[in-house]
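Structure assessment
Residues per chain are reported as follows:
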Amino acid sequence: MAGRHATGAGAGGSTRDAGRLAEPPQRGKGARKAAGAHTVGVITPYLDGSFWNPVLKGIHEAAQQHGCRTLVMRGTPAALQAPSLARELVDGWIVVIGVDGIEQLAAERIPLVVVGTHVHQGNCPSVIPDNHSGIRSAVRHLIEHGHRRIAFVGCFHESDVRVRFEAYRVTLAEAGIPFDPALVIRSDDNWYTGGENAAPQLLAQRHACTAAVFGTDKNALGMIPLLKAAGVRIPEELAIVGFDDVPEAQAVDPPLTTVRQRFEMMGSAACDLVVSMLAGETAPPDLVLTPNTLIQRLSCGCDVIRSLLDEDAASRDGAGGDLDRRMVELLLAPERLAPSTSPAAVWPGVALVLEAYSAALEGAAPPPAKELERAYLQAVSIAPDMGTSMAIVRLLRRSHERRRERLGGDAASAQRVEAFLDSAHLSLARARLNVETDAVTQLGKLVRSNYDVGLALLSGSQQESLSLSWLAKTAALWGCLALREDATTLVVAGAYSRDGSATPPIGGRYRLEAFPPVDRLPPLATSGALMMILLPIRTAQRDWGILALMGPTLRELAGDEGTLGVWASLLAAALERNELVQSLSAKNAELQGAYAMERTLSETVRDLGCPLIPLLPGVLLVPLIGAIDRGRALQVLTAVAEGVGRHEARFVLLELTGVPAVDAQVAHALGQTSRAVALLGARVILVGLRPEIARSLVDVELGDLSTYSSLAAALHELTTGGLRPAGAKRGAARIA
């Protein structure tokens, strides 16, 4: 696998002379011997994409045929704390691409297989595609077309592309073609964008090469539109070959010639290895290679139907073979059908198609049309590539032509067979259209389902999120949400079962190693019919826990490969939102309490902010503390005026030692207080002036206010008769 979205598989070095080819998968009911109720644990960083989903499908189907359960975990060994999570359930591990932390799994000494990359761990085989042979067939095909200036495009950050590049160089050397470094185009990644960004480099060499081999299809698919926009005619001026045969390869204009891989084969081969190791068999060599085949389409100037038929004829050295077996192997290419497996086990309708062919030969009544339509639909479901489907019709036609050469035949028979072949061609095209129509319909349902799930999670209550009631809007059959209590313990917060089967109790505590609890799984899980999936529920701030889901297959469970990731993200967001709302509610309650306390304190401060102390008969002392604003000045004025009347005071000593500053606004307030007190027949005296306050009052008119630097000085004046009540002419204020 070259990067997250590319669809190759990697190796740490050349596989030209290393490893062995995987045995062809045994297909059909009862083809594999049951190996007991083992659980195969699969760790994969992604569930979406044309690589990851088929690999998981291959693992699950192989596990079912072995009578094993499949438990898929989204993440890497390190991120999932493997082997802690589900340790007591899993009997053997398969790690797909993301091998960070795999050393801990290897130390467990239980079967371990890696898919899509090569790791050097003892007794740990790696299943990868035969990169060397695949690129060799592509380069040799271009050389056979007369090309000698062949470029290579790929992302060299990925080990599988480096292996493919080495095979490109070796194949050129075998043909006596000098290697030209100028024709090596390095892309940024193995995604479409990598091809787009590398297009200017290849365009700069457009007159120096006549063909290009791409390390991945998606690099080629990203670049082809830009090449065409620049006026490059494909394949007339530049023949192109990719690697992977992703679904889009047959839909691009022109259709892309590519090296076809069956990613399901990688998954089934890995599962077969785990089961064989569980049975006590010796682990295979370091590398296990899965086969591939060159699919010729228009981007190199060839015909996919002819390529498949030529490959079929070459593999049999012209010896022919059972027609039904050859038809099935066309659908399975590059897989080979095991001798012990019946063609009908893979394509149940193949016998019906051959019956219709025989009826056309003999002039007998054909099988019912509806049954034939179902048979063709089965074929398309096995190999959705239209060129492959058409190869079936071409194979029947070629077989009929050879039969006529050997046995002869009348014109009426030939006409009936031709009509049958035309009908088969049309039926296969109609079946392919039905598949596309169903896919669009399912996509519409998926959009509505995801909308409902998003609405339920992001606008519903915390209880709705935790209860997993929203799973009723999906195809999930069973679910359990367990939140982390600490690093080693999960607590069940929600559970769901479509058919009412057992679920873990809410509040139940389970160790990581024992989750999900085997005794609380639905019955179909025990038989391996359901795929179990563990999704970490995480946000950037917190690891919330694990969501366990079950369904027939990943595709049936989610409808679209990326959906499960969306559910996990939405659930994590809902949990974080609910906690944030609770936190905000608690903070709001705290703020309300603090505000109420602050108001109480403010009222107390106001009550204490202007105390009236009868110091001597007719003398009130008012110590002021803190800044004096407009509200405080009004409070002082009111309190002093009331105090003068209540105590029949003649003098009011305003003590300013605790006032930080006296400015024009404060002076104005003091002046107002002095005038109000004077109207009541008393007099205001300012005491406790500090030098800095005195400096600030130099240019301030204080009117009839007397000022003293200390309370002692003011009292001395009062006791010696130096101060007179209001009404006596004292002139301007003085500072004593």
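Predicted, not measured: the structure shown is a model, and the values here were computed from it.

Here we look at the sheet that holds strand S7 (residues 150-154)
Judged by pairing direction, the sheet is mixed, and its six strands sit side by side in the order S8-S7-S9-S10-S11-S13 without closing on themselves. With one partner strand each, in any of the chains shown, strand S8 (184-186) and strand S13 (293-295) form the two edges of the open sheet. The mean angle between the axes of side-by-side strands here comes to 20 degrees, regardless of whether they run parallel or antiparallel. In the sheet, S7 pairs with strand S9 (residues 211-214) via four bridges, with the strands oriented parallel. For Ile 150, the partnering residue across the bridge sits in S9 and is Ala 211.

Focus: the packing of aromatic side chains
Per the stated rule, a full pass over the model turns up 13 aromatic pairs. Centre to centre, the rings of Phe 51 and Trp 52 are 5.2 Å apart; their planes meet at 85 degrees, and the pair counts as edge-to-face. Like Phe 51, the residue Trp 52 is buried in the burial classification. Here a set of aromatic residues connected by ring pairs shows up, and it is made of Phe 152, Phe 156, Phe 165, Tyr 168 and Phe 179. A cation over an aromatic ring shows up here: Arg 169 above the ring of Phe 179, its NZ or CZ 4.2 Å from the ring centre.

Points about the pairing of strand S4 (residues 92-96)
Of all five residues in S4, five are buried; the element is thus mostly enclosed. The alternating pattern of S4 places Gly 92, Ile 94 and Val 96 and Trp 93 and Val 95 on opposite faces, both of which are buried. Here strand S2 (residues 39-44) pairs with S4 via four bridges, running parallel. Bridge pairing links Ile 43 to Val 95 in S4.

Structural notes on the environment of His 145
Along the polypeptide, His 145 turns up in the loop between helix H3 (131-144) and S7. On the basis of relative accessibility, which here comes to 37%, the residue His 145 falls in the partly exposed class. Sequence-wise, His 145 and Ala 211 are 66 residues apart; in three dimensions their C-alpha atoms are separated by 9.9 Å. Setting aside residues up to four positions removed in sequence, His 145 forms contacts with Cys 300 and Cys 302.

Here is what the cut-offs are and how they apply
- Residues numbered from 1 in each chain as written.
- Predicted model: local features only at pLDDT ≥ 70, side-chain atom pairs only at ≥ 80, totals over all residues.
- Heavy atoms only, no water.
- Pairing = 2+ DSSP bridges.
- Helix = DSSP H or I, 4+ residues; strand = E, 2+ residues; numbered from the N terminus.
- Axes fitted to C-alpha atoms, helices over the stretch in contact; angles between N-to-C directions.
- Phe/Tyr/Trp six-rings, centres within 6.5 Å; stacked < 30°, edge-to-face > 60°.
- Buried < 20%, exposed > 50% of the residue type's maximum accessible area, 1.4 Å probe, protein only.
- Lys NZ or Arg CZ within 6 Å of the ring centre and 35° of its normal.
- Contact = heavy atoms within 4.5 Å.

Functional significance is not addressed by these values, which are geometric in nature.
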